[in-house]
Amino acid sequence: VTNENHPVSRAAAAGSSDLSLDVRRTHDKEVYLGEDRYEHPKEAFKMIHEYARNSDSLRPGAVVSDFGCAAGEFLSYLRRQEPAATYCGYDVVPELLVKARERVRGCDFREGSVLDRGLLGGGSLDLAFMIGVHEIFDDFVPALSNLLYWTREGGSVYLFGGFNPYPVDVYVKYHLVDDPVPEHREPGWNQFSKTSFSRYLDRVLGSGRHRFVPFEL
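Rules behind the numbers
Numbers given for residues are sequential positions, taken from 1 along each chain in its written order. Selection of residues for local features in this predicted model requires a pLDDT of at least 70, selection of side-chain atom pairs for listing and counting requires 80 or more, and totals for whole chains, interfaces and linings are taken over all residues. Heavy atoms from the whole structure form the basis of all side-chain values; hydrogens and water molecules are not counted. Only protein chains enter the accessibility calculation, which uses a 1.4 Å probe; a residue is then buried when its area is under 20% of its type maximum, exposed when over 50%, and partly exposed in between. A helix here means a DSSP run of H or I that spans at least four residues, while a strand means a run of E at least two residues long, and both kinds are numbered starting from the N terminus. Two residues qualify as a contact provided that any one of their heavy atoms is within 4.5 Å of a heavy atom in the partner residue. Definition used for salt bridges: Asp or Glu carboxyl oxygen within 4 Å of a side-chain nitrogen of Lys or Arg. We define the nonpolar core as a collection of buried residues of types Ala, Val, Leu, Ile, Met, Phe, Trp, Tyr and Cys that are connected through side-chain atoms lying within 4.5 Å of one another. Grouping into patches uses exposed residues only, defined as over 30% relative accessible area, and leaves out salt-bridged ones; the cut-off is 9 Å for like charges and 5 Å for nonpolar side chains (Val, Leu, Ile, Met, Phe, Trp, Tyr). Surface exposure here means Shrake-Rupley accessible area, sampled with a 1.4 Å probe, where a residue is shielded only by the protein chains that are shown. Between the N-to-C directions of two axes lies an angle of 0 to 180 degrees, each axis being a line fitted to C-alpha atoms and, for a helix, fitted only over the stretch in contact. Left-handed describes a crossing whose near helix is turned anticlockwise from the far helix by less than a right angle; the clockwise case is right-handed. Three categories are distinguished: nonpolar for Ala, Val, Leu, Ile, Met, Phe, Trp, Tyr, Cys and Pro, charged for Asp, Glu, Lys and Arg, and polar for the others, with Gly belonging to the last. Only strands joined by at least two bridges in the DSSP assignment are considered to pair. Polar contacts here mean pairs of N or O atoms no more than 3.5 Å apart (in protein, one a potential hydrogen donor and the other a potential acceptor; neighbouring residues in sequence count only if both atoms are side-chain atoms). Note on aromatic pairs: the rings of Phe, Tyr and Trp (six-membered ring only in Trp) are paired at centre separations within 6.5 Å, and the planes decide the class, stacked below 30 degrees, edge-to-face beyond 60, tilted for the rest. Only when the NZ atom of a Lys or the CZ atom of an Arg is both within 6 Å of the ring centre and within 35 degrees of the ring normal do we say a charge sits over the ring.

Engineer: Please clarify how helix 2 (residues 43–53) should be interpreted in this entry.
Structural biologist: An α-helix turns once per 3.6 residues; consequently, residues spaced three or four apart project the same way. Residues of helix 2 that are buried include every one of Ala44, Phe45, Met47, Ile48, His49 and Ala52, and no others. Buried-residue contacts for helix 2 involve helix 3 (73–81), strand 7 (125–131) and strand 8 (151–160).

Following this line, the structure appears as structure tokens:
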């Protein structure tokens, strides 16, 4: 699975010997370049900040990163609430980073993928956020493993998105009827089971070191 700014990943289509699927994320620019939530943040941002503020990790001088930061709306909100921390956002879409740099003050924005282990050194961060991103991947482990590696012992990692309460990992991709590329499939709505996440985290961190929090408006 790739973003349109990266080489395309192809997988053989079930039941077809001559069609390959072009699994490629393309809609981010359309959504986030046209969005403006800097002064009217999402309710999810407020909830995530509330939990982070109650941790020991979000403190003056804390090093904070958002992976898949898009146009920087979350970091814009977070910095207004906690101006004494240091903030950096990473994304793979250059156009979104241009907008983030134009609109958000006091934060650094860099091109980079959460899948690139060499992006940061181990234990570099006090807080790592990844909002609405893990659903893009067909395997959540590489991204989550990197977040854990980059975050210092005693720090915190926050993921926001859909998690299936049932022991089933659901993989969702769509194709627009009028898409000029018949092989194209748009990823981004996978629903991994809480069980899958818990088994992985219990194995690498030990039991009792993570929790799921429902998002309620």
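Resuming the write-up.
Engineer: Looking at this structure, I do not really get the pattern of salt bridges. What am I missing?
Structural biologist: A side chain with one charge can pair with a side chain of the opposite charge if their charged atoms come near. Evaluated as defined, the whole model comprises twelve salt bridges. With a shortest N-O distance of 2.7 Å, Arg24 and Asp22 are connected by a salt bridge. As far as the burial class goes, Arg24 and Asp22 line up, both buried. The residue Asp28 makes a salt bridge to Arg25 at a minimum N-O spacing of 3.0 Å. Each member of the pair Asp28 and Arg25 is classed as buried. Residues joined in a network through salt bridges with shared partners are Arg59, Asp126 and Arg152.

Engineer: How should I be thinking about the nonpolar core in this particular structure?
Structural biologist: Generally speaking, nonpolar side chains in soluble globular proteins are found buried as a group. If you look at the biggest cluster of nonpolar residues, it comprises 25 residues, and the most contacted ones within it are Leu58, Val64, Phe74, Leu78, Tyr87, Phe109 and Phe129. Elements represented by at least two residues in this core include exactly helix 2, helix 3, helix 4 (94–103) and strand 7. Aside from chain neighbours lying at most four places away, what touches Phe109 is Cys69, Gly72, Leu75, Gly89, Leu97, Ala100, Arg101 and Val104. Formed by 15 residues, the second largest nonpolar core is a distinct cluster that contains Cys88, Ala128, Met130 and Phe137.

Engineer: Quick question: what am I supposed to make of a nonpolar patch on the surface here?
Structural biologist: Where nonpolar side chains cluster on the molecular surface, the patch consists of Tyr166, Val168, Val170, Val172, Tyr174, Leu176 and Trp189 and spans about 630 Å² of accessible area. Examined against the element boundaries, Val168 turns out to sit in the loop between strand 9 (163–164) and strand 10 (173–174). You can call Val168 partly exposed: its relative accessible area is 43%.

Engineer: Would you explain the packing of helix 5 (residues 141–150) against helix 6 (residues 194–205) in this entry?
Structural biologist: Relative orientation and spacing of two packed helices are given, respectively, by the angle between their axes and the distance between those axes. Axis separation between helix 5 and helix 6 bottoms out at 12 Å; the angle between their running directions is 35°. Crossing geometry of helix 5 relative to helix 6 is assigned as right-handed. Here Val141, Leu144, Ser145 and Leu148 of helix 5 lie close against helix 6, whose contacting residues are Phe197, Tyr200, Leu201, Val204 and Leu205. Residues of the contact of helix 5 with helix 6, tallied by class, amount to eight nonpolar, one polar and no charged.

Engineer: Please explain the pairing of strand 6 (residues 108–111) as it appears in this structure.
Structural biologist: In regular strands, side chains alternate between the two faces of the sheet. Pairing of strand 5 (residues 86–91) with strand 6 involves four bridges; the strand directions are parallel. Considered in strand 6, the bridge of Asp91 is made with Glu111.

Engineer: Mind showing me how you'd approach the environment of Arg80 here?
Structural biologist: You can see Arg80 is positioned in helix 3. It is 9.8 Å that separates the C-alpha atoms of Arg80 and Arg105, two residues lying 25 residues apart in sequence. Setting aside residues no more than four positions away along its own chain, Arg80 makes contact with Tyr38 and Pro41. Within the structure, Arg80 has its side chain in polar contact with the backbone oxygen of Tyr38 (distance 2.9 Å).

Engineer: Sorry if this is basic, but what is going on with the packing of aromatic side chains here?
Structural biologist: The way to describe two aromatic rings as a pair is by their centre distance and the angle between their planes. One pass over the structure, following the stated rule, counts 14 aromatic pairs. Taking 5.0 Å as the distance between ring centres and 20° as the angle between the ring planes, the aromatic pair formed by Phe67 and Trp150 counts as stacked. A residue pair is termed long-range when its members are at least 10 positions apart, and Phe67 in strand 4 (residues 63–67) and Trp150 in helix 5 qualify at 83 residues. Judged by its relative accessible area of 0%, Trp150 falls in the buried class. Ring geometry for Phe160 versus Phe215: centroids 5.4 Å apart, planes at 80°, classification edge-to-face. You can see Phe160 sitting in strand 8 and its partner Phe215 sitting in the segment after helix 6, a full 55 residues away along the chain. Since its relative accessible area comes to 36%, Phe215 is described here as partly exposed. Over the aromatic face of Trp189 sits the side chain of Arg25, whose NZ or CZ is 5.6 Å from the ring centroid. Between Arg117 and the ring centre of Tyr149, over which it is positioned, the NZ or CZ distance is 4.3 Å.

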